[in-house]
Amino acid sequence: VKAGIWFNAQMISFSDLAKNDQAWKRDFKKVEDYWVKELKAQPHMGKLFGFETGADGAVEPFADSYSCTIYSDEQKASFEAYRHQQDPEGLFATGLGMKFLAPCAN
């Protein structure tokens, strides 16, 4: 995200009030799809993001197909070089962070 004037908006949900677990996830997906696709918003990577509908119809966050798009290939390569210097054995190369560095499947 380039320097500039920005604001932060967060969705808050009381999941216990939703009809079921999928109800609030579907609603979050609708809002996220609009914000990202129409408003060109960027996700807060410390929150839920990347909602995707799976083959079984279930909506879940942190989709690989979205997580891999956060950084450019150039940024990924630069960080990977640094990471290999600092963590040559890959001890910390785990979890969602590695999804950010993964190449996107076409």
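Please read all numbers here as calculations on a predicted model, not as lab measurements.

Novice: Looking at this structure, I do not really get the side chain of Glu 32. What am I missing?
Specialist: Structurally, Glu 32 can be placed in helix H1 (residues 21-38). Lys 29 is the oppositely charged side chain nearest to the buried, salt-bridge-free Glu 32, at an N-O distance of 6.6 Å. Filtering out sequence-adjacent residues up to four positions away, Glu 32 remains in contact with Met 11, Lys 37, Phe 49, Gly 50 and Phe 51.

Novice: Please clarify how the pattern of salt bridges should be interpreted in this entry.
Specialist: Pairing is possible between side chains of opposite charge, provided their charged atoms come close. What the rule picks out here adds up to five salt bridges. Across the pair Glu 80 and Arg 83 runs a salt bridge whose closest N-O atoms are separated by 3.0 Å. With a gap of three residues between them, Glu 80 and Arg 83 both fall in helix H3 (residues 73-86), about one helical turn apart. Of the two residues, Glu 80 and Arg 83, both sit in the buried class. Among the charged side chains, a network of salt bridges with common partners joins Asp 21, Lys 25 and Glu 60.

Procedures and definitions
- Residues numbered from 1 in each chain as written.
- Predicted model: local features only at pLDDT ≥ 70, side-chain atom pairs only at ≥ 80, totals over all residues.
- Heavy atoms only, no water.
- Helix = DSSP H or I, 4+ residues; strand = E, 2+ residues; numbered from the N terminus.
- Buried < 20%, exposed > 50% of the residue type's maximum accessible area, 1.4 Å probe, protein only.
- Lys, Arg positive; Asp, Glu negative; His and termini not counted.
- Salt bridge = Lys/Arg side-chain N within 4 Å of Asp/Glu carboxyl O.
- Contact = heavy atoms within 4.5 Å.

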